[in-house]
Amino acid sequence: MLKITNNLRAAIVYVAAAFFSATFHGAVVRAESAYPEQAKYEGRQLADIKLLNVDGKALHLKKDAAFAGKPLVLIPVFTSCPVTCPTILKEFELAWTDYAKALAPAGARVVVVSFDPGDTRKGFKSLLARQKLPADWVYGVAASKSDFKRLEAMLADFDFRYVRLKGQGGGFAHPAGAYILDGEGKVRRFLAQAEFSKDDLTNAFASPKRMEQR
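Residues numbered from 1 in each chain as written. Predicted model: local features only at pLDDT ≥ 70, side-chain atom pairs only at ≥ 80, totals over all residues. Heavy atoms only, no water.

### Notes on the packing of aromatic side chains
Logical step 1: Evaluation of the coordinates by the stated rule reveals 20 aromatic pairs.
Logical step 2: Look at F115 and F172: their rings are 5.2 Å apart centre to centre, the planes differ by 85°, and that puts the pair in the edge-to-face class. On the criterion of sequence distance, the pair formed by F115 in the loop between strand 4 (109-114) and helix 4 (121-131) and F172 in strand 7 (residues 172-173) is long-range, its members being 57 residues apart. Of the two residues examined, F115 and F172, each falls in the buried class.
Logical step 3: An aromatic cluster is defined as three or more aromatic residues linked by ring pairs; in this entry it consists of Y35, Y41, F78, F115, F158, F160, Y162, F172, Y179 and F190. (Phe/Tyr/Trp six-rings, centres within 6.5 Å; stacked < 30°, edge-to-face > 60°. Helix = DSSP H or I, 4+ residues; strand = E, 2+ residues; numbered from the N terminus. Buried < 20%, exposed > 50% of the residue type's maximum accessible area, 1.4 Å probe, protein only.)

Right, here's the structure in full:
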C-alpha cells in the first residue's frame, strides 16, 4: 500500500491546485501560477505600503505600532475569487487557530491583502460576510495608485507570480498560500496551502535560520 507522506501530500495538492488555476474559467495559463521559489523570496523585505482596511482606516505595516517589529502572515488574494481564495483563508484559519492556542509568537498578525487593482473595501466586507472570517485579522486594499504599484513591486520581489485570466468571469491564476515574515519585516517562508498546519507554522516562525540581506 502506498504510504502518504507529508511531501507526497503537498505534491498532490500542488498538482491539483495548479490544474485548477490552469483551467479556471476555461483559460490556459503558464508558469505564472507556480509557487514562489525560496531562493527568490527568502529575506526579501516588506515594503512601505499604506493600506485601507474594511473600515477605511489607513494602516502602515512598517510603521504602525500594531505591526512594526512583530511577525506577520501575509496572504495575497482577490476578493471576487469564487473558490481558491476563500478556501485558502478558511484552511489557514483552521491551522492558525490550532497554532495560536499553543505556540503563536507574541503579537503576530495576519494580514490579508488584495493584488487586484479593481478591489475595494466593499469587496473585502462582502468576502468577510460570506466566509465568516476572523474579525481580528487585517484585510486591506492599497490606499492609492502609488501604493498599489509598490504592492505589485513587492509581490514581484517575493516571487509571487499571478496572471489575469481572460474570458468568462475573469479572475486570476495565482499561488495558493501565505508568507511568513519575521519581526524585521523579512520573509522567512512561503507556506503552500498543503502546508497549513500547526507544525508548519511552528517551524516557519520558530526556525533560527539566519535571514540574510541581499
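### Some words on the sheet that holds strand 2 (residues 58-60)
Logical step 1: Read across the open sheet, the seven strands follow the order 2-1-5-4-3-8-9; overall the sheet is mixed. Taken across any chain shown, the strands that pair with only one partner, and hence form the sheet edges, are strand 2 and strand 9 (187-192). Here the strands of the sheet are splayed against their neighbours by 35° on average, with no regard to which way each runs.
Logical step 2: Of the pairings in the sheet, the one linking strand 8 (residues 177-181) to strand 9 comprises five bridges and is antiparallel in character. If you follow A178 over to strand 9, its bridge partner there is L191. (Pairing = 2+ DSSP bridges. Axes fitted to C-alpha atoms, helices over the stretch in contact; angles between N-to-C directions.)

### A word on the pairing of strand 8
Logical step 1: Across the five residues of strand 8, five count as buried, placing the element largely inside the fold.
Logical step 2: Side chains G177, Y179 and L181 project from strand 8 onto one buried face, and the interleaved A178 and I180 project onto a second face that is buried too.
Logical step 3: Looking at chain direction, strand 3 (residues 72-77) and strand 8 are connected through three bridges and run antiparallel. Pairing of L74 across the sheet is with Y179, part of strand 8.
Logical step 4: Counting the residues between successive antiparallel strands, the hairpin from strand 8 to strand 9 contains five residues, one of them, G185, with a positive phi of roughly 80°.

### Description of the nonpolar core
Logical step 1: I75, F92 and W96 are the most contacted members of the largest nonpolar core, which has 58 residues in total.
Logical step 2: With seven residues, helix 3 (residues 84-100) is the single largest residue contributor to this core.
Logical step 3: Apart from the residues lying within four places of it in its own chain, the contact partners of I75 are I88, L89, F92, V110, V111, V112, V113, G177 and A178. (Core = buried A, V, L, I, M, F, W, Y, C linked by side-chain atoms within 4.5 Å. Contact = heavy atoms within 4.5 Å.)

### Some points on the pattern of salt bridges
Logical step 1: Using the criterion set out here, one finds nine salt bridges in the structure.
Logical step 2: Note that K186 is salt-bridged to E184, the shortest N-O span being 3.5 Å.
Logical step 3: You can call E184 exposed: its relative accessible area is 55%.
Logical step 4: With a closest N to O distance of 3.6 Å, R189 and E195 form a salt bridge. (Salt bridge = Lys/Arg side-chain N within 4 Å of Asp/Glu carboxyl O.)

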